[in-house]
Each structure stands twice: as structure tokens, then as C-alpha cells.
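Commentary on secondary and tertiary structure
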Amino acid sequence: MTSFGQYRDHHDAQGPPVLETVPAAGRRYQGDRAGFVIRAIAAVLDVVFVGIVVVLLWVGLWLFLLIFNPVIDPDLTVEVTPPSGYFLLAGYFLMWLYWTWMWATNGRSLGQYLMGLRVVGRQGRHFGWKLAMLRSGFCAVFPPGLVWAIISPRNRSVQDVMLRTSVIHDWSSSSSASSSASSSSESSSESSPAPASSPSDAGE
Amino acid sequence: MMVAMSDREVVVVSRPYEPEGDSLSLARDLAASTFGLVVYSTQAAVALTEATLRSVVGSVLDKTVPAIADVIISRIDLTDIVVRQVDLQSIILRALDEIDITQIVMDRVDVDEIVGKTDLDAVIDRIPMLQIADYIIEEIDLPQIIRESTGGVALDAFTTTRVSAIRADEIISTMVDAVLLRRLRQRERKLTVSGGESDSESEPDSRAETTEESGR
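Reference entry: report on the structure contained in this document. (Residues numbered from 1 in each chain as written. Chains lettered and ligands numbered in written order. Predicted model: local features only at pLDDT ≥ 70, side-chain atom pairs only at ≥ 80, totals over all residues. Heavy atoms only, no water.)

**Observations regarding the overall build of chain A**
Note the cut-off: Only DSSP runs of H or I with at least four residues qualify as helices, and only runs of E with at least two residues qualify as strands; both kinds are numbered from the N terminus onward. For each residue, the accessible area found with a 1.4 Å probe, counting protein chains only, is set against the maximum for its type, and the residue is called buried under 20%, exposed over 50%, and partly exposed in between. Contacts: residue pairs with any heavy atoms within 4.5 Å of one another. Using a 1.4 Å probe, the Shrake-Rupley method yields the accessible areas, and only the shown protein chains count as cover for residues.
Secondary structure summary: chain A contains 7 helices and 3 strands in total. Ordered by position from the N terminus, the helices and strands of chain A form the series α-α-α-α-β-α-α-α-β-β. Out of the 204 residues in chain A, the part that is buried amounts to 46%. A separation of at least 24 residues holds for 68% of the contacts in chain A among residues at least 6 apart in sequence. Roughly 9800 Å² of accessible area belongs to chain A as shown, and the carbon and sulfur atoms make up 70% of that amount.

**Remarks on the nonpolar core**
We apply this condition: In this text, buried Ala, Val, Leu, Ile, Met, Phe, Trp, Tyr and Cys residues form a nonpolar core when linked through side-chain atoms within 4.5 Å.
Core analysis: the largest hydrophobic core is formed by 27 residues, its most contacted members being Ile-38, Met-95, Tyr-98, Trp-99, Trp-103, Met-115 and Leu-117 of chain A. Elements represented by at least two residues in this core include exactly helix H2 (36–68), helix H3 (84–105), strand E1 (117–120) and helix H5 (129–141) of chain A together with helix H8 (142–179) of chain B. Among the elements that line this core, the one with the most residues is H3 of chain A, at 7 residues. Not counting residues within four places of it along the chain, the set of residues in contact with Met-115 of chain A comprises Ile-38, Ile-41, Ala-42, Leu-45 and Trp-171 of chain A together with Thr-161, Arg-162 and Ala-165 of chain B.

**Some points on the packing of aromatic side chains**
We apply this condition: Two aromatic rings from Phe, Tyr or Trp, using only the six-membered ring of Trp, form a pair when their centres are within 6.5 Å; if the ring planes differ by under 30 degrees the pair is stacked, by over 60 it is edge-to-face, and anything between is tilted. Charges are assigned to positions over rings by a cutoff of 6 Å between ring centre and Lys NZ or Arg CZ, combined with an angular limit of 35 degrees from the ring normal.
Evaluated as defined, the whole model comprises 5 aromatic pairs over all chains. Ring plane angle 70° and centroid distance 6.4 Å describe the contact between Trp-58 of chain A and Phe-87 of chain A, whose orientation is recorded as edge-to-face. Taken together, the residues Trp-58 of chain A in helix H2 and Phe-87 of chain A in helix H3 connect sequence positions 29 residues apart. Both rings, one in Phe-93 of chain A and one in Trp-96 of chain A, keep their centres 5.9 Å apart while their planes meet at 35°; by these two values the pair is tilted. Residue Phe-93 of chain A and its partner Trp-96 of chain A are both found in helix H3; the two are separated by 3 residues, about one turn of the helix. The residue whose ring lies beneath Arg-135 of chain A is Trp-103 of chain A, and the NZ or CZ to ring-centre distance is 4.8 Å. If you follow Arg-162 of chain B out to its NZ or CZ, it ends over the ring of Trp-171 of chain A, 4.9 Å from the centre.

**Describing the environment of Trp-101 of chain A**
One can find Trp-101 of chain A in helix H3. If sequence neighbours within four positions are ignored, Trp-101 of chain A has contacts with Asn-106 and Trp-129 of chain A.

**What to know about the packing of H2 of chain A against H3 of chain A**
All names here are of chain A. Defined as follows: Angles shown run from 0 to 180 degrees and are taken between the N-to-C directions of axes, each axis being a line fitted to C-alpha atoms and, for helices, limited to the stretch in contact. Throughout this description, any angle smaller than 35 degrees is read as roughly parallel, any larger than 145 degrees as roughly antiparallel, any in the 65 to 115 degree range as roughly perpendicular, and the remainder as oblique. Should the near helix be turned counterclockwise from the far one by less than a right angle, the crossing is left-handed, whereas a clockwise turn marks it as right-handed. Charged means Asp, Glu, Lys or Arg here, nonpolar means Ala, Val, Leu, Ile, Met, Phe, Trp, Tyr, Cys or Pro, and polar covers whatever is left, Gly included.
Close contact between H2 and H3 brings their axes to 9 Å; oriented N to C, the two are set at 130°. Relative to H3, H2 is oriented oblique. Crossing of H2 over H3 shows right-handed handedness. Along the contact surface, H2 presents Asp-46, Val-47, Phe-49, Val-50, Val-53, Val-54, Leu-57, Trp-58 and Leu-61, while H3 presents Phe-87, Gly-91, Leu-94, Met-95, Tyr-98 and Trp-99. Along the lines of polarity and charge, the residues of the contact of H2 with H3 split into 13 nonpolar, 1 polar and 1 charged.

Below, the structure written as C-alpha cells:
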């Protein structure tokens, strides 16, 4: 057990104490660029979430039309709702809307929150609506771009390369991008507060 | 005939003269009497003189010695002499050895009253409360307790999933690096899988870098 004197000697050199809330198992990954698998899982979770919303919309619309326009097709033999292509388009639109809103406000979508990821711009900064709209549109239109994260030495997808963004491990629960400051980039000292991590844009 | 009954007391008894014997014996008695008178007178005179001298000298000394001593003491620095000549430290240490200060303080000092009159706010201001709180939180691992009491199984499952995904990523990047004959991520894999000491400066490519503005 560390005595308070030892503790104080240790922490005096590191400035004010910062409470470490990240589980010990994940502390050493904080601030690292996330790889393909974990990002794919987060994306799938997002797609599933938006898919559920689209399905619910479809069911809602179907019920709505059934209730208010039952005479047209009492036997349900004719499609009462718009064709599924519209819902696919709606799904893409919702996906874009959802990612834009989440990245611009929180820096992470629901799937990324669950997987402990955060999207950051240059210098590890939280980026604004403009870049969020661009990135989310790019991600929604061209999901295979994530595959490049497998090959990229810096785990960057095509979208990341084009827009100079990065996805990092950040298990902290706060929504601010600067909360990644609490993530430890030093695995040698689990309890030490580390500065925010940011990607280096040079030499991809 | 005179008889010396006690000190400094002369009793003269007159008796009718009764000549007896011859003139020789008369002369002998006279001589003896005279001798005795002389001896006694001498003794009395010596004693009287001694007593007188003693009282006179005593009164003289009583009046002169304090005055002389005052004059002498006023002309010398006693403190300086004591400091120079006396080993004060050993005296104090010896005195301290013989007394139990703690017991004296316990017996004679009202500690409660002192504490009651102490400005505790000033004391608390000097205590690093935040550090103490953080120290306690770290020692008892409060985050872990909170997680266990609130998050429970769900959070553990998420942690496991995250770590598993990270491990999978590490394996994939290792394989890709091996296929592409690249060494960049191999260093990161070695760092994270073996759990060795990290050197953030040697890992600029695989790790996100520090920013200034996002520091606290």
C-alpha cells in the first residue's frame, strides 16, 4: 500500500490529480488509433440502430395507412406503403443525419460509444458540423472505405485519409472531445493523466 | 574573700578580719587572692572585647558587603560569564532526562481547550484535501467499486467485447504488417500484446499524438 507521502511525492510532479475512471483493462489503449474490427462493430451497431428506426417507421406508416385508408386494400394484397427502395434511401438519409448529429455534438455515435471510440479531427480536436456532414455522408455512401483501415499503418479509413480525421480509443464517458485527455497514452503508468491524443496528419 | 560563682558574676562577701597564723601565711593568701582576681578580670575583659568586636564588625559587614557586591556585580556581565563558562546544554539535557515533559503536559495542559481555541480553518487550508481525497479514492479503487455496484455484468461485458475487438485488431494488423513486410505496426503490436513499457515518442505512427490545447 502506498503511503500518502509517497503518493504525494509521486503526484506533485504531475500536477493536480485526475481521477482515472477507465477500467484498468483498457487504460493502455486510450488514445490509440482504433483498428478495423472494433470500428466495424461500432458501424454495424449504428446501422442496426438506424435499421430498427427505419423498420419502425415502415411499420408505423403501414399501420397509419391501414387505419386511415383501409378501404383501398382490405385484403392487404396490394402494397400500401411506398416501395422498399424509398426506405433504403430513407435509411441512408437517416444514417447521414444520425452520424452528422452525433459526431458534431458528441464526437461519437451510439455504436462508437458502446465500443469506446471517438472520432476526432486534426490535432485530436472535436470537429464541427461541416466536417461531420462531409464525413458522415462519405461513410454512408462508401462504407467499404473502412476496409482501408486494415492496410493503413495508421488505421485510417479512406474517409479518414480524405478528411484528415481519426478514430481513437476513448472509454471515458464524457461527451467532450477533450475528455480524451483523460485517456492514458502511457501504459507504464496506469493512473497518470495523459494529454489528449490526436492523430498526426503527416506522411500517410 | 571573693568567690567566682558563675561567668561575669562577682560576689563580694565581707567578713570580719580574723588574723590567724603568721604573717607568711597572710602574705600567701593575699597573693593567691590577687592572682585569682587578675585571672578573672582578664577573662572578663577578653570576653567583653570579643563580643563588642563581633557585633561591631557584623554590623559593619552587613552594611558594606551588599553595597560592595552590588558594585562588583554591576561591573561584570554575569550572563556572558555563565554562557561562556557553564555547559548549559548538558544541564538542560540532564534536567530533561529527569522530568517527563509529556506527563507534565498531560497533567497540566488542557489540550481540549487549546484545540477548541485553534483556528481550524487555517489548518484545513494548509491540508491538501484534494490530494488526500484522490489518494483515498485511488487506494480503495473507488471507480472499481462504483463500476461493480452500478455497471455490473453489462459493463464487464462491454469491456470484454472492447478488449477482444482490440486484440483482434492487433492480430489483423500483425498479419497485414507481416504480409506487407512492414514494421510500423509490429512495434505497436509488440507494445500492447506483451504489455511492456511504452515509449510514446518511439511510437509516433501508431499512436495518436499529444496536443497542447486539449490538455487540462
